[in-house]
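Spelled out from the first residue to the last, the chains are:
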Amino acid sequence: MSQGTAPPSVHLRSARLTYGGVRLFDGLDLDLPSGQWISLLGPSGVGKTTVLRMVAGLVQPEPPTTMAAGDSTPLAGRIAWMGQQDLLLPWLSVRDNVTLGDRLRGTRTDAAGMARASRLLQRVGLADEATARPAALSGGMRQRVALARTLYEDRPLVLMDEPFSAVDAITRLRLQDLAAELLAGRTVLLVTHDPLEALRLSDRVLVLSGRPVRLSPPLLPPGPAPRAVDDPGLLALQGQLLARLAAAEVGS
Amino acid sequence: MTALRALITLAGLVLVWQGLVWLTGLPPFLLPPPERVALRLWSDAPLLWEHGRWTLLEILLGLVLGTLMGSLAALVLAASALARRWLLPLLVVSQAIPVFAIAPILVLWLGYGLASKIAMSTLVIFFPVTAAFYDGLRRTEPGWLDLARTMGASPLRLLLRIRLPAALPAFASGVRVAAAVAPIGAVIGEWVGASAGLGYLMLHANARMQTDLTFAALAVLALMAMGLWTLVDQILRHALPWQPDSLSAGERRHR
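Basis of the calculations
- Residues numbered from 1 in each chain as written.
- Chains lettered and ligands numbered in written order.
- Predicted model: local features only at pLDDT ≥ 70, side-chain atom pairs only at ≥ 80, totals over all residues.
- Heavy atoms only, no water.
- Salt bridge = Lys/Arg side-chain N within 4 Å of Asp/Glu carboxyl O.
- Helix = DSSP H or I, 4+ residues; strand = E, 2+ residues; numbered from the N terminus.
- Buried < 20%, exposed > 50% of the residue type's maximum accessible area, 1.4 Å probe, protein only.
- Pairing = 2+ DSSP bridges.
- Axes fitted to C-alpha atoms, helices over the stretch in contact; angles between N-to-C directions.
- Core = buried A, V, L, I, M, F, W, Y, C linked by side-chain atoms within 4.5 Å.
- Contact = heavy atoms within 4.5 Å.
- Arc of directions from axis to C-beta.
- Buried area = accessible area lost by both parts, 1.4 Å probe.
- Polar contact = N/O pair within 3.5 Å; in protein donor to acceptor, adjacent residues only side chain to side chain.

Novice: When you look at the pattern of salt bridges in this model, what are you seeing that I'm missing?
Specialist: Charged atoms that come close allow side chains of opposite charge to pair. Evaluated as defined, the whole model comprises 20 salt bridges over all chains. Here R36(B) and D212(B) are joined by a salt bridge, their closest N and O atoms 3.7 Å apart. Of this pair, R36(B) sits in helix α2 (residues 34–43) while D212(B) sits in helix α10 (residues 211–239), placing them 176 residues apart in sequence. For R36(B), a relative accessible area of 37% puts it in the partly exposed group. Using a relative accessible area of 9% as the deciding quantity, one classes D212(B) as buried. Taken together, the shared-partner salt bridges in this structure form one network comprising D102(A), R105(A), E153(A) and R155(A).

See the structure below:
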């Protein structure tokens, strides 16, 4: 990473959030250790995405919530966000989509930035599509552009909301490998509904359940990510994780 | 191909018209046959041009002014909650007053010349542009806004870099409607009080039972309106190549 410093850890304490009269979170604690990949799973509607949005600053929690980085500097400006859809702007070329952050902050993309964008597009295998419009790309290609855009931001904390849910199984595995490689060393929070995805990529897997939301004790997949799909340890954990998810479904 | 289809449609309409004249035996001052109108178009071409160019000027100026003001109003509404609270109800109420009703007042205030007609066209065009554009500005994909916020975009940049381009297809719809209704404003203005223009010419020809001339003027007006719409449509299509067009996707490929 360009900063050359350790990525921040994030600590969410006593989080409280009421949504539509329902107390979604109350006394929720979440820790994102520095440089680790954390995945959140849980039944639909349990509030996974809302946790992510809270960390991103897109949702304001209620008191007595506190959220702080371990290095006690503000989180604003240190976050990259990757959503459920690719969210590419159809009127911009692929390259301009990758450098969108510059445009939105009112800074011109300099030669170094352009070179970095080109390099990232090359890493995700889309060097030849730099001038194409998103409409000309397949779903998997669009998602790779979104990944390049997330990486271009070069933030130590990366928040991802089911980023690979809209692509086919094989493309998803390739994108996971790519993400594991390119996001290594950053603090990552991933929301997913795919147990395999969580177990392949994460250092810690947490299951959310109930109302208000409770976190399960973390599952710790062994070995370096990305893990092989047929890794026996991973498959054993997948069984455990599925059982927890089923229990979470009943609990909520 | 498109031109050929248009010609076939036109020929069909003329045939129906001619058939109607034969069947009903209406006198020419009530329903002039196509060839008399065609003759008028030919023999009175200088007169029609003389009046037509005034109307065209009124329409074009009205379209430009109305589109500019409509866009500005939509942007102000999108940018400011205060404007939404105070201006939006006013805009809606203003549409309850038909332009037809205020035409005489506008002529009284702005005179018999160009100004009152341009004001009329502008008024007719203003609302569809404002409504369509504002609607587009409101309906930005929420994911884009989230993304832009996490990237540290200010509200103004959010408006100009995300909301505005995202609303351009809606804006284009508004301008297309505006181009189609623009002649209404100009012609009403000319009816109420003018010394030139196709509306004025039609009114006079009608009063003198020169129904064929009225029809000829109407044909010129229709031609102008269609030409304007086509021109605007083409410009907008070229300006917004990313806009998905599922109906003509088979006919044109865009990147």
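Novice: Quick question: what am I supposed to make of the sheet that holds strand β4 (residues 66–69) of chain A here?
Specialist: The strands making up a sheet associate through backbone hydrogen bonding, with each pair oriented either parallel or antiparallel. Residue and element names in this part refer to chain A. Pairing in this open sheet of three strands is antiparallel, and the strands run β2-β1-β4 from one edge to the other. Where the open sheet ends on each side, the last strands, each with one partner, are β2 (22–32) and β4. Pairs of neighbouring strands in the sheet enclose a mean axial angle of 20°, with direction left out of account.

Novice: Mind showing me how you'd approach the nonpolar core here?
Specialist: If you look at the biggest cluster of nonpolar residues, it comprises 84 residues, and the most contacted ones within it are L159(A) and L189(A). At 12 residues, the largest contribution of residues to this core is made by helix α8 (residues 155–192) of chain B. If near-sequence neighbours (up to four positions away) are discounted, L189(A) is found in contact with L30(A), L32(A), I38(A), L40(A), L52(A), V55(A), V158(A), L159(A) and M160(A). Core analysis: the second largest hydrophobic core is formed by 33 residues, L121(A), M141(A), L151(A) and L175(A) among them.

Novice: Help me understand helix α5 (residues 99–110) of chain B, please; the structure alone is not making it clear to me.
Specialist: Each turn of an α-helix holds 3.6 residues, which means side chains three or four residues apart point in the same direction. All names here are of chain B. Those residues of α5 that fall on the buried side of the exposure criterion are V99, A103, L106 and V107. Down the axis of α5, the sector holding all buried residues measures 100°, keeping them to one side. Facing away from the buried surface of α5 by more than 90 degrees, the exposed residues are L108 and W109. For α5, the elements touching its buried residues are α6 (114–138) and α8.

Novice: Looking at this model, I keep getting lost on the interface of chain A and chain B. Mind explaining?
Specialist: The parts lose accessible area when they come together, and the size of an interface is often stated as this lost area. Each partner contributes to the interface: chain A provides 22 residues, whereas chain B provides 20 residues. Together chain A and chain B conceal approximately 2,000 Å² of surface at their shared face, both sides included; 68% is due to carbon and sulfur atoms. For the pair chain A and chain B, the interface holds one salt bridge. With a closest N to O distance of 2.5 Å, D146(B) and R53(A) form a salt bridge. Counting across the interface, chain A meets chain B through two residue pairs in polar contact (both at pLDDT 80 or more). Those elements that provide at least two residues to the side of chain A that touches chain B are α1 (48–56), β5 (79–82) and α3 (100–105) of chain A. When residues of the side of chain A that touches chain B are assigned to their parent elements, the largest contribution, five residues, is made by α3(A).

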